[in-house]
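Structural features, examined
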Amino acid sequence: MIRQPIPGKILDAKFVEEKLGDGFLGPSDYRFFAHIQIVTSEVELWEKSLGNSLADTNYYNYPKEKQDWWFSKLDFQQVQKYPPNLFNCIHGWVVVRNATVYVYTYTQ
């Protein structure tokens, strides 16, 4: 669920959600990965809507099953990270790179 209107047009999107745990001896947690292709001229709008960058996060994560659309740890280390507030989440990060928004969120 998105809290506010998205800042621009979405051209394409892919995602995967993973369940951690079986929910038997307590609740299960979830991880969510998304790849959102946006209009190149709207990159700045997206970055502004994401708010202030995260001060210090080196917590790269990736889907269990390899996804061709997910980006590398090296790329992650070279870009600005933002909180996932736009996507109504508090855990994780958002990256905007080459007109693509990458979202990683999780429950705990």
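Structure shown above.
Residues numbered from 1 in each chain as written. Predicted model: local features only at pLDDT ≥ 70, side-chain atom pairs only at ≥ 80, totals over all residues. Heavy atoms only, no water.

Attention now goes to the environment of E18. Along the chain, E18 falls in strand β1 (residues 10–20). For E18, a relative accessible area of 9% corresponds to the buried category. Considered as a pair, E18 and Q4 are 14 residues apart in the sequence and their alpha carbons are 25 Å apart. Not counting residues up to four positions away in its chain, the partners in contact with E18 are D29, Y30, R31, F33, P63, K64 and E65. For E18, the side chain forms a polar contact with the side chain of R31, separated by 2.5 Å. A polar contact is formed between the side chain of E18 and the backbone nitrogen of K64, at a distance of 2.6 Å. (Helix = DSSP H or I, 4+ residues; strand = E, 2+ residues; numbered from the N terminus. Buried < 20%, exposed > 50% of the residue type's maximum accessible area, 1.4 Å probe, protein only. Contact = heavy atoms within 4.5 Å. Polar contact = N/O pair within 3.5 Å; in protein donor to acceptor, adjacent residues only side chain to side chain.)

Working note: non-glycine residues mostly have negative phi, and peptide bonds are mostly trans. Positioned with a positive phi, N98 is a non-glycine residue whose angle comes to about 50°. Mapped onto the secondary structure, N98 falls in the loop between β4 (92–97) and β5 (100–106). A residue is classified by how much of its surface remains accessible, and N98, at 62% relative accessible area, is exposed. One non-glycine residue with positive phi stands out, namely A99, at about 60°. Assignment of secondary structure puts A99 in the loop between β4 and β5.

Before going further, it helps to spend a moment on the sheet that holds strand β2 (residues 29–38). Read from one edge to the other, the open sheet built from five strands follows the order β1-β2-β5-β4-β3, with strand pairing classed as antiparallel. Edge positions in the sheet fall to β1 and β3 (81–82), since each of these pairs with one other strand and no more. The sheet contact formed by β1 and β2 spans ten bridges and is antiparallel. By the bridge assignment, V16 is partnered in β2 with F33. (Pairing = 2+ DSSP bridges.)

Counting 14 residues, the largest nonpolar core has I36, I38, L50, F87, V94, V101 and V103 as its most contacted members. Contributions of two or more residues to this core are made by β2, α1 (43–49), β4 and β5. For this core, the element with the most residues is β2, which contributes three residues. If near-sequence neighbours (up to four positions away) are discounted, L50 is found in contact with Y82, P83, L86, F87, V94 and V96. (Core = buried A, V, L, I, M, F, W, Y, C linked by side-chain atoms within 4.5 Å.)

What follows concerns the packing of aromatic side chains. With the rule as written, the count across this model stands at 18 aromatic pairs. On the basis of an interplanar angle of 55° and a centroid distance of 6.3 Å, the ring pair of F71 and F76 is categorised as tilted. You can call F71 buried: its relative accessible area is 4%. Consider the rings of W93 and Y104, whose centres lie 5.5 Å apart with planes at 45°: the pair is tilted. One end of the pair, W93, is in strand β4; the other, Y104, is in strand β5, and eleven residues separate them in sequence. (Phe/Tyr/Trp six-rings, centres within 6.5 Å; stacked < 30°, edge-to-face > 60°.)

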